[in-house]
Amino acid sequence: MAKKKDFFVCISCGSEFSKWFGKCPACDEWDSIAEAEKSQRGLKSKKPEAVPLSTVEEKDLKRIETGLSEFNIVCGGGVVPGSVILIGGEPGIGKSTLAVQIAGNFNTLYVSGEESLIQIRRRADRIGVDIGKIDILTCTDVDEIIDIFASPDSMKEEQRCLIIDSIQTVYLSEIPGIKGSVSQIRESSSRLASMAKRTNTPVIIIGHITKDGTIAGPKLLEHIVDTVLYFEGDFLKDFRILRTFKNRYGSVNEVGLFRMTGSGLKEVKDKNKVFLNSFSSSTAGNAVSAALEGSRTILFEVQSLVTFTGFSNPRRMSDGFDLNRLILLIAVLEKHAGLKLGSFDVFINVSGGFRINETSADLAVAMAIASSLKDKAVPERTGMIGEISLSGEIRPVSQCSRRILEFKNSGFDRILLSEGDKREAEVSGFEGEIIAVKNISEAIDIIY
Ligand code: TYD
Ligand code: MG
């Protein structure tokens, strides 16, 4: 049998090499290469055993429902014992707040390498969680954390959970590199993951990530953990979205909606109220559409402002909608609907800090631009769904009936959609007016 060779890792970028270098060939960092420890050496595990797939049953997958139903949704219906959940997000977005709120539902060991005991206590009091069940640990040595958490005594407790806040502040003593380095993050999280599997308890790991993703961290451990959730939002607004990015125990693309208040995160129950400003719908430049976010449908408002430009190159700006897509739609409006936008600045904003990832919003964006240019409002309670092709045609969208149902439930009077979706709309039970259009110029003629 071939002898297993030693290998070297760069503690800055995590690249592995068969020999030592003074300067890392991958990231050009000096003096960052260290010999890797054979950390797994001597760990004798049980003899592996194959089981027939037919004996594995869905009911074996238990889920623990936390008191936060939005969190349960993004986890696929609850926290699975033995699973590792990563909550990533920018500093200050509310990860620790969310973690403390989840902690109150379990017998939790909360490991904090970032804050003092009194800070954590004050936060918990402010939020009003059940602090009787939470133990706090400020030690950051992963092996010691595991020793404490998985000690025979504490293993007797029911419904336990380990929270690491954050992965950038814990370390393994036998691994080279400072806290937060690639090798530390990777090794610490794999060790926590194997502990989770062994003891069948959930582990929640918090990781900081910056907008440009330059700081090593969450991106690196996406493949080690079972579920990756990203916490996003606008710092100026109190609205927060928890997105599922990966989930071995459920569907991705789920979202949880929260609002940051003076007493912690509150779940948003009436989701459409957040994105839909019912007062401004009757002013020019606004149009409403429906987006699918995992298992839910969300209505949102596209706001547009078209003004005469003072520049030789008119400006196009977009918040919540892809800028290239906006430029394309403007070109389509010029060519196929005869709108002269060349001497106008065009600004697009999606209300409530919502971000659109679907082309089904094309029609609403185009109609909002036309509305602002013509200074004519879209009739109130009109929903729009449709993709716009380069030739100006309105195309059908995926799962049209789900979107129509949401318009129906929210009391809309009228839906503007493509010819291709007309049939689906007619059988959906929507009682208002259904306007099917072939192309963008027809849509503009009918509405204005
Ligand atoms: P925090 O959870 O500490 O963020 P992270 O762990 O992601 O860095 O909290 C972020 C912000 O939320 C902080 O600026 C204070 C604010 N906040 C509230 O507005 N209300 C609250 O009840 C709490 C606990 C925090
Ligand atoms: Mg924090």
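What counts and what doesn't
Each chain carries its own residue numbering, running from 1 in the direction its sequence is written. Note on labels: chains are lettered from A, ligands numbered from 1, in written order. The predicted origin of the model limits local features to residues at a pLDDT of at least 70 and limits the giving and counting of side-chain atom pairs to 80 or more, whereas totals for whole chains, interfaces and linings rest on all residues. Hydrogen atoms and water are omitted, and side-chain values are computed over all heavy atoms in the structure. Helix and strand labels come from DSSP, where a helix needs a run of H or I of at least four residues and a strand needs a run of E of at least two; each type is numbered from the N terminus. Buried, partly exposed and exposed residues are distinguished by accessible area as a fraction of the type maximum, computed with a 1.4 Å probe on protein chains only: under 20%, between the cut-offs, and over 50%, respectively. Contact definition: two residues touch when any of their heavy atoms are within 4.5 Å. All accessibility values rest on the Shrake-Rupley procedure with a 1.4 Å probe; residue burial counts only the protein chains present in the view. The definition of a polar contact used here is a pair of N or O atoms within 3.5 Å, where within protein one atom must be able to donate a hydrogen and the other to accept one, and adjacent residues in sequence count solely through side-chain atom pairs. Note on definitions: salt bridges are taken to be side-chain nitrogens of Lys or Arg within 4 Å of carboxyl oxygens of Asp or Glu. The pairing criterion is simple: DSSP has to find at least two bridges between the two strands. Handedness of a crossover is defined as follows: orient the strands so they point away from the viewer, and if the path from the first strand over the helix to the second runs clockwise, the crossover is right-handed. The criterion for a residue being near a molecule or strand is simple. One of its heavy atoms has to lie within 4 Å of it. All residues other than Ala, Val, Leu, Ile, Met, Phe, Trp, Tyr, Cys, Pro, Asp, Glu, Lys and Arg, Gly among them, are scored as polar; the first ten of these are nonpolar and the last four charged. Pairing of aromatic side chains here covers Phe, Tyr and the six-membered ring of Trp, requires ring centres within 6.5 Å, and sorts the geometry by plane angle: under 30 degrees stacked, over 60 edge-to-face, intermediate tilted. Definition used: whenever NZ (Lys) or CZ (Arg) falls within 6 Å of the ring centre and also within 35 degrees of the ring normal, the charge is taken to sit over that ring.

**Focus: the overall build of the protein chain**
Then, in step 1: Tallying secondary structure elements over the protein chain gives 12 helices and 21 strands in all.
Then, in step 2: By residue count, 49% of the 448 residues in the protein chain fall in the buried class.
Then, in step 3: Of the contacts formed within the protein chain by residues at least 6 apart in sequence, a portion of 64% connects residues at least 24 apart.
Then, in step 4: Carbon and sulfur atoms make up 52% of the accessible area of the protein chain, which totals about 21,700 Å².

**A word on the side chain of Thr-201**
Then, in step 1: Take Thr-201: it is sitting in the loop between α5 (182–199) and β8 (203–208).
Then, in step 2: For Thr-201, a relative accessible area of 7% translates into the label buried.
Then, in step 3: Within the structure, the side chain of Thr-201 is placed 2.8 Å from the side chain of Thr-199, a separation counted as a polar contact.
Then, in step 4: Residues within four places of Thr-201 in sequence aside, it is in contact with Pro-81, Gly-82, Ser-83, Phe-149, Arg-160 and Ala-196.

**Notes on the pattern of salt bridges**
Then, in step 1: Counted according to the given criterion, the structure contains 16 salt bridges.
Then, in step 2: For Arg-315, the salt bridge is made with Asp-345, and the minimal N-O distance between the two is 3.7 Å. Of this pair, Arg-315 sits in the loop between β14 (296–308) and β15 (316–319) while Asp-345 is found in strand β16 (residues 344–350), placing the two residues 30 residues apart along the sequence.
Then, in step 3: Of the residues examined, Arg-315 reaches a relative accessible area of 37% and is grouped as partly exposed.
Then, in step 4: Given the relative accessible area of 4%, Asp-345 is considered buried.
Then, in step 5: Its salt-bridge partner being Asp-362, residue Arg-325 comes within 2.5 Å of it at the nearest N-O pair.

**Describing the sheet that holds strand β2 (residues 16–17)**
Then, in step 1: Strand order in the open sheet formed by 3 strands is β2-β1-β3, with antiparallel pairing between adjacent strands. Two strands lie at the open edges of the sheet, namely β2 and β3 (33–35), each paired on one side alone.
Then, in step 2: Pairing of strand β1 (residues 8–10) with β3 involves 3 bridges; the strand directions are antiparallel. Bridge pairing in β3 places Phe-8 opposite Glu-35.

**Some words on the pairing of strand β5 (residues 107–112)**
Then, in step 1: Of all 6 residues making up β5, 5 are buried, and the element is well covered by its neighbours.
Then, in step 2: In this sheet, strand β7 (residues 160–165) lies alongside β5 in parallel orientation, the contact comprising 6 bridges. If you follow Thr-108 over to β7, its bridge partner there is Cys-161.
Then, in step 3: Relative to strand β6 (residues 134–137), β5 runs parallel, the two sharing 4 bridges. Looking across to β6, one finds that Tyr-110 is bridged to Ile-136.
Then, in step 4: In this region the chain leaves β5, passes through helix α3 (residues 117–127) and returns to the parallel neighbour β6; the handedness of that crossover is right-handed.

**As for the site of ligand 1**
Then, in step 1: Around ligand 1, a shell composed of 15 residues is seen, among which Gly-92, Ser-96, Thr-97, Arg-123 and Gly-264 lie nearest.
Then, in step 2: With respect to ligand 1, the side chain of Ser-96 contributes an N or O atom lying 2.7 Å from an oxygen atom.
Then, in step 3: Thr-97 places a polar side-chain atom, nitrogen or oxygen, 2.5 Å from an oxygen atom of ligand 1.
Then, in step 4: For ligand 1, the accessible surface in isolation is 550 Å², of which the surrounding protein chains cover 75%.
Then, in step 5: Among the elements that line the shell around ligand 1, the one with the most residues is helix α2 (residues 95–103), at 3 residues.
Then, in step 6: Taken together, the residues of the shell around ligand 1 sort by class into 3 nonpolar, 8 polar and 4 charged.

**With respect to the packing of aromatic side chains**
Then, in step 1: A complete count under the given rule lists 5 aromatic pairs for this structure.
Then, in step 2: Judged by centre distance (5.5 Å) and plane angle (75°), the ring pair of Tyr-230 and Phe-245 falls under edge-to-face. Here Phe-245 lies in strand β10 (residues 239–247) and Tyr-230 lies in strand β9 (residues 227–233), a separation of 15 residues in the sequence.
Then, in step 3: Exposure remark for Phe-245: the relative accessible area of 45% places this residue in the partly exposed category.
Then, in step 4: Where Phe-308 meets Phe-344, the ring centres are 5.6 Å apart and the plane angle is 90°; that geometry is what we call edge-to-face. Placement of Phe-308 in strand β14 and of Phe-344 in strand β16 is noted, with a sequence separation of 36 residues between them.
Then, in step 5: Here the guanidinium or amino end of Arg-160 rests over the ring plane of Phe-149, the centre of that ring lying 4.1 Å away.

**As for the environment of Phe-311**
Then, in step 1: Tracing the chain through its elements places Phe-311 in the loop between β14 and β15.
Then, in step 2: By relative accessible area, which is 48% here, Phe-311 ends up partly exposed.
Then, in step 3: Residues Phe-311 and Phe-344, 33 residues apart in the sequence, show an inter-C-alpha distance of 9.1 Å.

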